[in-house]
Every structure is written in structure tokens, then in C-alpha cells.
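Coordinates in review
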Amino acid sequence: MINPYGSRSCRSPMKADTPSPAARKHSAMAAVLLLLAAAGVYCQTASFDFINFDDNDYVYENPRVLDGLSLDNLKWAFASTSPGNWHPATWISHMADVTLFGVNPGMHHLMNVLFHMVNSVLLLFMLFKMTGDLWKSLFVAALFSLHPIHVESVAWISERKDVLSTMFWFLAVLFYTDAVRKEKKVLYYSSLICFTVGLMAKPMLVTVPAVLLILDFWPLKRFPEKIWSAAAGRLLLEKIPFFIISGISSFITILVQKNEGFVRTLGELPVFVRIQNALISYVAYITKTIAPVDLAILYPHPRVFPYWRWIGALIILAAVTAFVIRRRKSDPYLLTGWAWYLTTLLPVIGIIQVGSQAMADRYSYVPIIGFFMMLAWGAPRLFQGQSGLNKTMRWIAPLIVITYAGIAWMQTSYWKDGETIFTRTVNVTKDNHVAHNNLGNAIVEKKRYEEAILHFREAIRINPGYPDAYNNLGVVLYRRGEFGRAGEFFQRAMEINPLNSSALKNLKLVETALAGIRASIASLEMEIDGAEEPGEQYYKLGSLYFQKGDPDMAAEYFHKAISAETGVVQSMIKLAAIYERKGNPQKALDCLEQAIQAYPEDQEIRYRIAALSALLNRPEESFEQLEKAFEYGFSNLSRLRMDPRFDGVEASPAYKPLRRILK
């Protein structure tokens, strides 16, 4: 039978002294301080909205979750493998939120914050219990609580699985620590139960059995002097139940993600490319931790890496690994911290590639604790015997935490809604087709269609085989009544992915709309024969052909409507759109210049004249019209930045006053 406490032939586990009343008081004060600090950084999320990336699947468009807790929904939670994960505990958590608070995004955010605050305190007590060093434990817990790289896990409602699973992770370690010290089976089995529940929140916990072995080395000091010994074997043996459960979870996860189509094939990403990305990512997470700049919700996978990057990363990783192994006896915490980091990040490092990202901030939520441990215990050791530097370190540590907390506050503010987080992501990453697509979606909800189209087109430019962007561009055109053009993009999405149910549904809507348009065209054409002044029918026919996606017939009827002095301005505006699409910007500009005579204060017409003037390389005229557009209320700088028609004149002296604003 497995001995859940190790073996007497191992070195005795480190026995922490019973905390004195003063130590207990200090630890309680430290816990309160952690809670207040985390609340200060994340309280702003109470006013945040959902974002249009996974939050719809997890909460606000999920009928099961919106129905709240019920026996039927609990059964569904254990049976569901959508979206690409089996995590019943996470589903139950979201259902509980809806039952308690309704579909209130602020409360859903605050529940994430609450779990993170609990995790920070659990980490503090976990490290303090194992090491007996309160202040180093507090430093690690404070970095964990307030570091900007963890904002994604806390401020993103969909990452409930991250903060929830981590709570059970830390509880499992706490119970395990007590089990090996107090030698009580109930504590061992409590650890096993917490581990199992944590896996049902997120399979990231599959590395917990290995982590327990790492902690056996330090700080629990249960490993024998000889690694390859019967005593060490017994330590491994007691972890067998953990490894079995971990194996089952890994099998389920890989099977589910393959079935849901989330796992990339070797044809899409060869093994060597995955290894290169893994090496670079291991170093990049530490770089982002030291200097948390340009954090983003999604880092696109470049698929091709300069040789110096992955070779350099390999050298760095090998050098650090060799160093910590060499120092394992004098500084065992270095080996524990490094092994923690490498091991816990392994399931998400990209060897088994899930999704399109190269790396993700949320993946570092637990792994980076290992790096924090190396800093907390290694820095004082580095300055040992230098009292002046040691005293300085006591001031530097809080300053580091405060600095990171300030950056975390700013990083959290980017998560207030979908438009804000994806605007930030587009600005700090390069060629990010997913970010452009999701930013376009967020803008569509605010009915800024022209700007959304620019983002969808940019997504298509970056990745011409991305069906979602084609489908979403079709949706915008459909909402604008351009059914024929919308159908072309839905059809393209279907060609790329014949199983795209959304595009198929939209294509059927287009077919219905076009059938109605054809009937209306036939009716109007019959009316024209008997009409004395058919100007109105001409304009309506032009509009119908425009919706149908027949620009030549639309232009013919718009010209007839203009000749009949009916709908002149609107005909000119639509003719301008037709001419621009047909590659004749000068004719388009002529139409808009006539339209502006009737509506001189129309900011949209002014903007379009400015864009066409820029396209025709007339920077002075362009900037003059743009100034007037601003004067009459145009303020969409994001659209201006994205509009490719201005690319050729941005460097012009005429645009110098605007460049500062655009930056």
C-alpha cells in the first residue's frame, strides 16, 4: 500500500517551528496588506464590461450558464467539452455567479478578483508554512498578487478557470505539506481531492505531482542524499495517485481539444518550429516579468524565427539550468524555483500547440512563482555579508512591488471592454489578425461600420485564409444593406471552412434578402413604364441594384435619378462608393465634391473627400478637408490611423500638425 508520508529512510522533512504569537500577528497583517493591495489594483474592474472574446461562450451568450444553477445544468457541466475543454468546476462557478448576481459583468469581474486575492494569501501561507520565512514569502506573494503579467488572468472573466484552478492548486500543496509533517492520511487525501477538483477547473494542474516532488527537494527537504535510491523511489511511489489522475486529465484534455479542432497539426506547425517557439517563450516570459511592457491579450505565432533567437534562448536556458544544478546544495531554492518554472509551464509552452498564440500572459500565472522564489531567496544570498546592500534591499523590494502595482493598475484599465483591450493589442503587437478581427467586432456593436471594415480587411490582409474575418466583413455589409457584396464574403468564408455554421446561416439570410430585392426590382421596373416622372423609381432601383451587388446597373439608375433631380446628394454619395471600388478615385472625388455643396457641414463626406484626396496624392487638399471634418465633429482617430488611403501622405509637411495627435 502506498505510504502517503514518504519514508523514514529519507531525510527528515523540515519541521517549521510553531509560529510565535508575534509571527502569527505579522502573518495576519501581511495577509491583510496583500488583500488591500490587490483590491486597490483591481477594484476598477467593478465597472468593466464583458469582452467579445470567449466571454460570450463562457457567460453572456451561453444559455446553460445564463440559466444558472440547476440539476440539469450541473449534468451539462460535467458532459460539456465546449469550448475545447472539459472543466465542469469552471462552468459551475460561472453558473453560480449568474444565480447570485445575474448577468452583471462587474460582479463577475469582482469574483475573479476575490479568487485572486484568496490565491495571494494562500501562496503567502503556503510558502511561510514550508520555509518559515515570512518576509521572503510575503515578497513572492506580493509579486504574484500585483504583477502586471497576471492582470489577464484576473481581469478577463473567461479566465475564471485560471484563478479558480490555482486556488485548488495551492490548497493541494498546503494539505500535502501538513500531510508529510503531521503524518495524517486525511490530509493526504484532502490534497488529492483538491488536486482533482482543480483539474476540473483547468487541466493546467497536470504538473502538480512533479511540483510536489520538487518541493520535497526544497523546502520540505525530504529527498535522500542519493537521488537514485529506494528512499527516493518511495517518494515517487506516494505520488502515484496524483500521476494517475494527472494522466487521465491529460488524456481527456488532448482528446477534447483534438475533437473540437483546437490542436494544430504537424503540417500547420512542424515539430522543429514548436521547439523553437518553446525555447524563445521560456525566455520571453521572464523578460515580460522583469519588464512588463507591451502586454497583450494575444501574441500571434510568427511561425518563422531568426536562428539567433532560438539558439540564444537555448544557451540562456542551458546556462541557468547548469548553474542551479551546480548550486543545488548551497542554494537549493534556486533549483526548486527554476524547476518549478520550467515544469509548470511545460503543458502550455507550445509543444502541443493549441490555438494561434505563440505565448499568453495567463499561462505564467503559476509558473512565474518559481522565478519569484529565486529572486526572494537568491537576492539576500547574493548580498550576504554586505550589511549596507542588505539594508538597501529592504527598501528596494517594496519599491519594486509598488512599481509593478502601478503598472498593473494601468494594464488593468485596458480590460474595461472589448474595444479597449483589442485596440491596445493592435497597438503593441504586429500582424495580429485575430486582434484586428475582434476589434472590428467590438466596433460593429457600436455601429462604426466604416472603421470596422478597415479592421476586417486588415485581418484578411494579414491572414488571407482566416474565415472569421470574411464572415464578419459580410455581416457589416449585410447590416449596411449591401446584400450582394455580403454574400460574396460569406461564400469566401464557406470556401475556406465548409463547416462554418455562422457563414452558412448568414448566406441563407442573404439569399432570402436578395430574393426580396429581385421581386422589388421587377415591380419597380413595371412601374417606370407608366410613371410620368420616374425619378423616385430611378433612385429606388439604383439603391436596390446597389444592395444586390450590381454596381453597373446601380450607377446607371443613379445617373438617371440625378438627371431627374431626385435623390441627387444620396445618389452622388453612392456613386462615389461605386467609382472608388471600381478603381476610379477621381470620379468618386468629383461626386463627393458635388455632394458637399449641399451638406457643407457633413463630417463624413468631408472625411471621405480627405481620404480620396490623400489617395490621389494631394496632401494639402486632404489635410484642409480633414481639418474641416474635425471642425464639424469628426473625432475617430482610430479610423484615421487604420485608413490605408492616408498612407502616402502621412509624411507630408501638410500633415505635421496631425502626426503628434495620431501618435
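Residues numbered from 1 in each chain as written. Predicted model: local features only at pLDDT ≥ 70, side-chain atom pairs only at ≥ 80, totals over all residues. Heavy atoms only, no water.

1. Comments concerning the overall build of the chain
We apply this condition: Under the DSSP-based scheme used, a helix requires at least four consecutive residues in state H or I and a strand at least two consecutive residues in state E, with every element numbered from the N terminus. Partly exposed describes any residue whose relative accessible area lies between the buried limit of under 20% and the exposed limit of over 50%, with all areas from a 1.4 Å probe on protein chains only and scaled to the type maximum. Contacts are assigned to residue pairs with any non-hydrogen atoms lying within 4.5 Å of each other. Note on areas: Shrake-Rupley, 1.4 Å probe, and residue coverage restricted to the protein chains presented here. Residues scored as charged are limited to Lys and Arg (positive) and Asp and Glu (negative), so that His and the chain ends carry no count. Charge positions are represented by NZ for Lys, CZ for Arg, CG for Asp and CD for Glu.
A count of helical and extended segments in the chain gives 32 helices and two strands. Residues counted as buried form 54% of the 663 residues belonging to the chain. Sequence separation of 24 or more characterises 71% of the internal contacts of the chain that already satisfy a separation of 6 or more. Put simply, the chain shows about 30200 Å² of open surface, and 61% of that area lies on carbon and sulfur atoms. Taking the 68 positively charged and 59 negatively charged side chains of the chain as two groups, their mean positions are separated by 16 Å.

2. A short note on the packing of helix 22 (residues 467–479) against helix 24 (residues 501–530)
For clarity, the threshold we go by: Axis geometry follows a simple rule: fit a line to the C-alpha atoms, using only the stretch in contact for helices, then measure angles between N-to-C directions, giving values from 0 to 180 degrees. For classification purposes, an angle smaller than 35 degrees is called roughly parallel, one larger than 145 roughly antiparallel, one from 65 to 115 roughly perpendicular, and anything else oblique. Here is the rule for handedness: rotate from the far helix to the near one, and if that takes an anticlockwise turn smaller than a right angle the crossing is left-handed, while a clockwise turn gives right-handed. Here the nonpolar group is Ala, Val, Leu, Ile, Met, Phe, Trp, Tyr, Cys and Pro; Asp, Glu, Lys and Arg are the charged ones; every other residue, Gly included, is treated as polar.
Direction vectors running N to C along helix 22 and helix 24 enclose 25°, while the axes themselves pass 10 Å from each other. Our classification of the angle between helix 22 and helix 24 gives roughly parallel. In this structure, helix 22 meets helix 24 at a crossing whose hand is left-handed. Residue-level inspection shows N471, V475 and Y478 of helix 22 in contact with helix 24, the latter providing S502, A503, N506, L509, V510 and A513. Its residues assigned to classes, the contact of helix 22 with helix 24 comprises six nonpolar, three polar and no charged.

3. Some remarks on the packing of helix 20 (residues 433–444) against helix 22
One can describe the packing of helix 20 onto helix 22 by two numbers: an axis separation of 10 Å at closest approach and a directional angle of 20°. It follows from the interaxial angle that helix 20 and helix 22 lie roughly parallel. Crossing of helix 20 over helix 22 shows left-handed handedness. Listed contacts from helix 22 to N437, N441 and V444 of helix 20 are D468, A469, N472, V476 and R479. Of the residues assigned to the contact of helix 20 with helix 22, the class counts are three nonpolar, three polar and two charged.

4. Examining the environment of E536
Secondary-structure assignment places E536 in helix 25 (residues 535–548). When its relative accessible area of 48% is taken as the criterion, E536 is described as partly exposed. Along the chain, E536 and L143 lie 393 residues apart, while their C-alpha atoms are 69 Å from each other.

5. Some remarks on the side chain of K288
Put simply, the rule reads: Polar contact criterion, stated in full: a pair of N or O atoms within 3.5 Å, where within protein one must be able to donate a hydrogen and the other to accept it, and residues adjacent in sequence count only if both atoms are side-chain atoms.
Positionally, K288 belongs in helix 14 (residues 271–290). Only 3.0 Å separates the side chain of K288 from the backbone oxygen of V293, close enough to count as a polar contact. If we ignore the near neighbours within four places in the chain, the residues touching K288 are H147, I149, V293, D294, L295, Y299 and M359.

6. Quick word on the pattern of salt bridges
Here is the rule: Note on definitions: salt bridges are taken to be side-chain nitrogens of Lys or Arg within 4 Å of carboxyl oxygens of Asp or Glu.
Taken as a whole and judged by the stated rule, the model has 35 salt bridges. One salt bridge in this structure joins D72 and R64, with 2.8 Å as the shortest N-O distance. For D72, a relative accessible area of 47% gives the class partly exposed. As a salt-bridge pair, K136 and D133 come within 2.9 Å of each other at their nearest N and O atoms.

7. Quick word on helix 1 (residues 21–42)
Heads up, the condition is: For a helix, the expected span equals 1.5 Å multiplied by the number of residues minus one. To obtain the arc, one takes the directions from the helix axis to the C-beta atoms.
With 22 residues, helix 1 should cover 32 Å at 1.5 Å per step; its first-to-last C-alpha distance of 32 Å lies within 8% of that length. Looking at helix 1, one finds that the buried residues are A23, S27, A30, A31, L34, A38, V41 and Y42. The buried side chains of helix 1 occupy one side of the element, clustering within an arc of 100° when seen end-on. In helix 1, the exposed residues that point more than 90 degrees away from the buried face are P21, K25, L33 and L36.

8. Brief notes about the packing of aromatic side chains
For clarity, the threshold we go by: Note on aromatic contacts: the rings of Phe and Tyr and the six-membered ring of Trp form a pair at centre separations within 6.5 Å, being stacked when their planes are under 30 degrees apart, edge-to-face when over 60 apart, and tilted otherwise.
Counted under the stated rule, the structure contains 25 aromatic pairs. Ring centres 5.5 Å apart and planes at 80° place the aromatic pair W218 and W377 in the edge-to-face group. Taken together, the residues W218 in the loop between helix 11 (208–217) and helix 12 (230–237) and W377 in helix 17 (residues 368–382) connect sequence positions 159 residues apart. Grouping residues by exposure puts W218 and W377 together as buried. Three or more aromatic residues link up through ring pairs in this structure, and these residues are Y607, F623, F630, F634, F646 and Y655.

9. Re helix 16 (residues 332–345)
In this model, helix 16 (14 residues) spans 20 Å end to end at C-alpha, consistent with the 20 Å of a helix rising 1.5 Å per residue. Within the span of helix 16, buried status applies to P332, Y333, L334, L335, T336, G337, W338, A339, W340, Y341, T344 and L345. Against helix 6 (105–131), helix 9 (160–182), helix 11, helix 14, helix 15 (307–326) and helix 17 lie the buried residues of helix 16.

10. Here we look at a nonpolar patch on the surface
What counts, and what does not: Like-charged residues are merged into a patch within 9 Å and nonpolar side chains (Val, Leu, Ile, Met, Phe, Trp, Tyr) within 5 Å, provided each residue has over 30% relative accessible area and no salt bridge.
Where nonpolar side chains cluster on the molecular surface, the patch consists of I254, L266, V271, I275, I351 and I352 and spans about 490 Å² of accessible area. Mapped onto the secondary structure, I275 falls in helix 14.

11. Focus: the nonpolar core
Our working definition: Residues enter a nonpolar core if they are buried and are Ala, Val, Leu, Ile, Met, Phe, Trp, Tyr or Cys, with the set joined through side-chain atoms within 4.5 Å.
Formed by 184 residues in total, the largest nonpolar core has its most connected members in V140, W169, I297, I369 and W415. When sequence neighbours within four positions are dropped, the list of residues in contact with I297 reads I51, F53, E152, W156, R362, W415, I421, F422 and T425. F623, A629, V649 and L658 belong to the second largest nonpolar core, which has 14 residues in total.

12. Some thoughts on the confidence of the model for the chain
Under the convention used in this document: A residue's pLDDT is the confidence the predictor assigns to it, expressed on a 0 to 100 scale.
Scored by pLDDT, the chain comes out at a mean of 92, with 95% of its residues at no less than 70. Per-residue pLDDT stays below 50 along residues 6–13; that stretch engages in 23 contacts with residues further than four places along the chain or on separate chains.

13. Details of unusual backbone geometry
A cis amide bond links S82 with the next residue in sequence, P83, at an omega value of -5°. Relative to the assigned elements, P83 resides in the loop between helix 4 (71–79) and helix 5 (88–101). The amide bond that connects W218 to the next residue, P219, takes the cis arrangement and shows omega of 15°. Mapped onto the fold, P219 is located in the loop between helix 11 and helix 12. One non-glycine residue, E565, adopts positive backbone phi at about 55°. Within the secondary structure, E565 sits in the loop between helix 26 (551–563) and helix 27 (568–581).

14. Some thoughts on a negative patch on the surface
Where like charges cluster on the molecular surface, the negative patch consists of D590, E593, E620 and E621. Those elements giving two or more residues to the negative patch turn out to be helix 28 (585–598) and helix 30 (619–631). Note that E593 resides in helix 28.

15. Description of the environment of L589
By the secondary structure assignment, L589 is in helix 28. For L589, a relative accessible area of 0% translates into the label buried. As for L589 and F223, which are separated by 366 residues in sequence, their C-alpha atoms are 79 Å apart. In contact with L589, other than residues within four places in its own chain, are I609, L612, S613, L616 and R618.

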